[in-house]
Amino acid sequence: MCLMKNLDLQKLIFENYLYIVSGLVLGVIIVGSYKYYNFTIEEKSAKAGDLYEILSKTSDDEEIYNISEKIIEEYNDTVYSIFTRLYLAKHYHGKNDYQKAQSHLSFIIDNDFSKNYKELAKIRLSRVYISQDNYEQALEVINTVDESSSFISMIYEIKGDISKFKNNNVKALEYYEKALETNVINKDTLLMKINSIK
């Protein structure tokens, strides 16, 4: 009986050996391809990270432009392309080039990035609009940020800033106090803003 089962098993293997070997080869190819893919993604991300580190340490405008363009073009599928756009938005905002700052932030908001990056870009875009005295647009953008996010303190602070610039000190004070309740890191700045309108 045992010999019969062994013969049936051998016959089954012999009749289907091509399928068995093909399945094994396919399995090896799939596992190898997956490992290679992960390796190339990690290597690409590491190269982008190295470039981003150089970018964050330079102050030369031409070097900033060249490095950021390389990251955005060659490593656009890494998180460093988002970091680079946020960095460029901050850089251009600091140079009062609001159009370029808005462009990079809008790209993040309008494309398929994680919610946190989009929320952060909206917060920064609101600040750009405030710098342009465009308080209504700033308020419109900041009102689209999820108030249950980890950025709640920044949301309240920006709403306070907008209210202050619109000469609504009562509302500004209310927002600054809410920001203060949710944030202990930026406490000194918030207290200074509160004291400036009391």
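Worth saying up front: this structure is predicted, and the values here are computed from it rather than measured.

A word on the confidence of the model for the protein
- Averaged over the protein, the pLDDT score is 86; the fraction of residues at 70 or greater is 79%.
- Summarising per-element confidence for the protein, the mean pLDDT is lowest in helix α1 (residues 2-15) (61) and highest in helix α7 (residues 135-142) (97).

Considering unusual backbone geometry
- Not every positive phi belongs to a glycine, and asparagine 96 is a case in point at roughly 60 degrees.
- Structurally, the position occupied by asparagine 96 is in the loop between α4 (79-94) and α5 (98-110).
- Here asparagine 96 falls in the exposed class, since its relative accessible area comes to 52%.

Things to note about the packing of aromatic side chains
- Summed over all chains, the structure comprises 7 aromatic pairs.
- Measuring from ring centre to ring centre gives 5.6 Å for tyrosine 80 and phenylalanine 83, while their planes differ by 85 degrees; the resulting arrangement is edge-to-face. Remark: phenylalanine 83 and tyrosine 80 occur in helix α4; sequence separation between them is 3 residues, near one turn of the helix.
- Aromatic side chains tyrosine 135 and phenylalanine 165 sit 5.5 Å apart centroid to centroid with 15 degrees between the ring planes, which places their arrangement in the stacked category. Residue tyrosine 135 is located in helix α7, and its partner phenylalanine 165 is located in helix α8 (residues 152-165); the two are separated by 30 residues in the primary sequence.
- Tyrosine 135 gets classed as buried once you look at its relative accessible area, which sits at 17%.
- We classify phenylalanine 165 as partly exposed; its relative accessible area is 42%.
- Through successive ring pairs, a cluster of aromatic residues spans Tyr52, Tyr80, Phe83, Tyr87 and Tyr117.

Here is what the cut-offs are and how they apply
Residues numbered from 1 in each chain as written. Predicted model: local features only at pLDDT ≥ 70, side-chain atom pairs only at ≥ 80, totals over all residues. Heavy atoms only, no water. pLDDT = per-residue confidence, 0-100. Helix = DSSP H or I, 4+ residues; strand = E, 2+ residues; numbered from the N terminus. Buried < 20%, exposed > 50% of the residue type's maximum accessible area, 1.4 Å probe, protein only. Phe/Tyr/Trp six-rings, centres within 6.5 Å; stacked < 30°, edge-to-face > 60°.

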